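One-letter residues, chain by chain:
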There are 2 protein chains.
Amino acid sequence: MGAMTRAEAADMPDDGARKTPDRLRRQASRLLSQLTARSDRLINEGLAQVDARKWHYAVLASLQEYGPGSQAELSRRSGIYRSDMVGVLNELAERDLVERVPDPDDRRRNIITISARGRRRLPRLDKVLDDLHDELLAPLSPAERDQLVQLLTRLLDHHTRTS
Amino acid sequence: MGAMTRAEAADMPDDGARKTPDRLRRQASRLLSQLTARSDRLINEGLAQVDARKWHYAVLASLQEYGPGSQAELSRRSGIYRSDMVGVLNELAERDLVERVPDPDDRRRNIITISARGRRRLPRLDKVLDDLHDELLAPLSPAERDQLVQLLTRLLDHHTRTS
DNA sequence: GTACATCGTTAGTCGAACTAACGCAACGGG
DNA sequence: CCCGTTGCGTTAGTTCGACTAACGATGTAC
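Residues numbered from 1 in each chain as written. Chains lettered and ligands numbered in written order. Predicted model: local features only at pLDDT ≥ 70, side-chain atom pairs only at ≥ 80, totals over all residues. Heavy atoms only, no water.

**Topic: the packing of helix H2 (residues 28-48) of chain B against helix H6 (residues 116-136) of chain B**
Residue and element names in this part refer to chain B.
Next up, step 1: Two elements in contact, H2 and H6, have axes separated by 10 Å at closest approach and are oriented at 145 degrees. In this structure, H2 crosses over H6, and the sense of that crossing is right-handed. In this structure, H2 contributes Ser39, Leu42, Ile43, Gly46 and Leu47 to the contact, and H6 contributes Leu125, Val128, Leu129, Leu132, His133, Glu135 and Leu136. (Axes fitted to C-alpha atoms, helices over the stretch in contact; angles between N-to-C directions. Helix = DSSP H or I, 4+ residues; strand = E, 2+ residues; numbered from the N terminus. Left-handed = near helix turned anticlockwise from the far one by under 90°. Contact = heavy atoms within 4.5 Å.)

**Here we look at the sheet that holds strand E1 (residues 69-70) of chain B**
Residues and elements named next belong to chain B.
Next up, step 1: Pairing is antiparallel across the open sheet formed by three strands, whose spatial order is E1-E3-E2. Where the open sheet ends on each side, the last strands, each with one partner, are E1 and strand E2 (98-102).
Next up, step 2: Across five bridges, the pairing between E2 and strand E3 (residues 110-114) is antiparallel. Residue pairing for E3: Val101 is matched across the bridge by Ile111. (Pairing = 2+ DSSP bridges.)

**Regarding the pattern of salt bridges**
Next up, step 1: Here the structure, examined in full by the defined rule, presents 26 salt bridges over all chains.
Next up, step 2: With a shortest N-O distance of 2.5 Å, A:Arg23 and B:Asp126 are connected by a salt bridge. Of this pair, A:Arg23 sits in helix H1 (residues 22-26) while B:Asp126 sits in helix H6, on two different chains.
Next up, step 3: Taking the relative accessible area as the measure of exposure, A:Arg23 reaches 26% and is therefore partly exposed.
Next up, step 4: Between A:Arg108 and A:Asp106 there is a salt bridge, with its nearest N and O atoms 2.8 Å apart.
Next up, step 5: On the basis of relative accessibility, which here comes to 73%, the residue A:Arg108 falls in the exposed class.
Next up, step 6: Here the residues in one salt-bridge network are A:Asp22, A:Arg25 and A:Arg26, joined through shared partners. (Salt bridge = Lys/Arg side-chain N within 4 Å of Asp/Glu carboxyl O. Buried < 20%, exposed > 50% of the residue type's maximum accessible area, 1.4 Å probe, protein only.)

**Some thoughts on the relation of the copies chain A and chain B**
Next up, step 1: Laying chain A over chain B is done by rotating through 180 degrees and shifting 0.0 Å along the axis; what remains is an RMSD of 0.1 Å. Look at the turn and shift together and you get a two-fold axis relating the two.
Next up, step 2: Of the interface residues in chain A, 99% have counterparts in chain B that sit at the interface too, so the contact is made through matching surfaces. (Least-squares fit on C-alpha atoms with pLDDT ≥ 70 in both.)

**A few points about the packing of aromatic side chains**
Next up, step 1: The tally for this structure, following the rule as stated, stands at zero aromatic pairs over all chains.
Next up, step 2: The lysine or arginine in question, B:Lys54, covers the ring of B:Trp55, its NZ or CZ lying 5.6 Å from the ring centre. (Phe/Tyr/Trp six-rings, centres within 6.5 Å; stacked < 30°, edge-to-face > 60°. Lys NZ or Arg CZ within 6 Å of the ring centre and 35° of its normal.)

**What to know about the pairing of strand E3 (residues 110-114) of chain A**
Next up, step 1: Examined bridge by bridge, strand E1 (residues 69-70) of chain A and E3(A) share two bridges and lie antiparallel to one another. Across the sheet, residue A:Ser70 finds its bridge partner in E3(A), namely A:Ile111.

**Observations concerning the protein's contact with DNA strand D**
Next up, step 1: A:Arg41, A:Gln71, A:Ala72, A:Arg76 and B:Arg107 are the nearest of the 22 residues found near DNA strand D.
Next up, step 2: Among all atoms of DNA strand D positioned within 4 Å of the protein, those belonging to sugar or phosphate total 65%.
Next up, step 3: Interatomic distance of 2.4 Å between a side-chain N/O atom of A:Arg76 and a phosphate oxygen of DNA strand D.
Next up, step 4: For the surface near DNA strand D, the secondary-structure elements that each account for two or more residues are helix H4 (71-78) and helix H5 (82-94) of chain A together with helix H5 (82-94) of chain B.
Next up, step 5: Across the surface near DNA strand D, the residue classes break down as five nonpolar, six polar and 11 charged. (Near = heavy atom within 4 Å. Polar contact = N/O pair within 3.5 Å; in protein donor to acceptor, adjacent residues only side chain to side chain. Nonpolar A, V, L, I, M, F, W, Y, C, P; charged D, E, K, R; others polar.)

**A closer look at the interface of chain A and chain B**
Next up, step 1: Across the contact, 71 residues belong to chain A and 70 residues belong to chain B.
Next up, step 2: Both faces combined, the contact of chain A with chain B buries some 6,700 Å², and carbon together with sulfur accounts for 61% of it.
Next up, step 3: Our enumeration of links across chain A and chain B arrives at four salt bridges.
Next up, step 4: Residue assignment for the side of chain A that touches chain B shows that the elements contributing at least two residues are H1, helix H2 (28-48), helix H3 (54-66), H4, helix H6 (116-136) and helix H7 (142-161) of chain A.
Next up, step 5: The element best represented in the side of chain A that touches chain B is H7(A), accounting for 14 residues.
Next up, step 6: Looking at the side of chain A that touches chain B, its residues break down into 29 nonpolar, 19 polar and 23 charged. (Buried area = accessible area lost by both parts, 1.4 Å probe.)

Below you can see the structure in the form of structure tokens.
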């Protein structure tokens, strides 16, 4: 099992002596970035093991939940920039998880559809992500996890609506 | 004053129709990265307005709280990689906020000291950061802010101790 | 004294988030 | 019917943070 993808000792600032100044340790922004760094790594490594990336999941889930759509629409649904969508869809198409066909009614558009294979893939990814989140949130009780999600959601909403 | 640094309408996936799939919207990892992106931008822009960066603050605060140290030690205290420390210290030295002198007792080391100017600078940065965090956490009550910090701290601790 | 660890530094990788600009197609109004 | 605007897919490129690798010089332990 010991796939050693993560930082192996050595070089990283590991806060060994715990001399990190208090002011720093309490900063919400700092906690956020550090935790997010770990979280992202965790998720990316976990998904990599099943040949997926988080954008894949975002697109597939969006297709499942709202049906086919143009690339631009998927971009809006999933929060991926339209410029990055191209690559994600290429990867998904390579894996036969989506189909990309030109829209006959609007020749600017491609219509993206989730494939049978893609549909079969989703539950698997759901499971993987669930497990990873379990690892991520391990120290928290279910109630605390909800709290966290709540708080984060409120903050994010605030900062998206006030653009 | 209208420095328009942030994303100006137009292109970004703004979740206008709020068609983001539920599964995505509840994912802690996703909430974290999105919120962190905003948070980082907020902090960076705010600090840029007083010609600072967050690493500057981290180093200065660490020097203030624990006294002078070698670059490697500062790196450990502040969580900056030793390879990135060089640049940060260059910037701080340019601004006369720290002094970097070779350690006579160990000629591999530089000893970094906070300057008088650096010491005067800190309260200013503290204030700026306080205000920015106020903006960041605006929708939360004081109690909720504490809760958030608590939860994040516990998670981060967990993931640093279990390496 | 020789192996090993540590320090400062340089260089470079990787992924995420984002901007700019393109050619093309569709839409809306005069 | 043309025309300006808007939306689409795509390519390219920037910036930033996090991180790895390797270097030469120095110090430490056996």
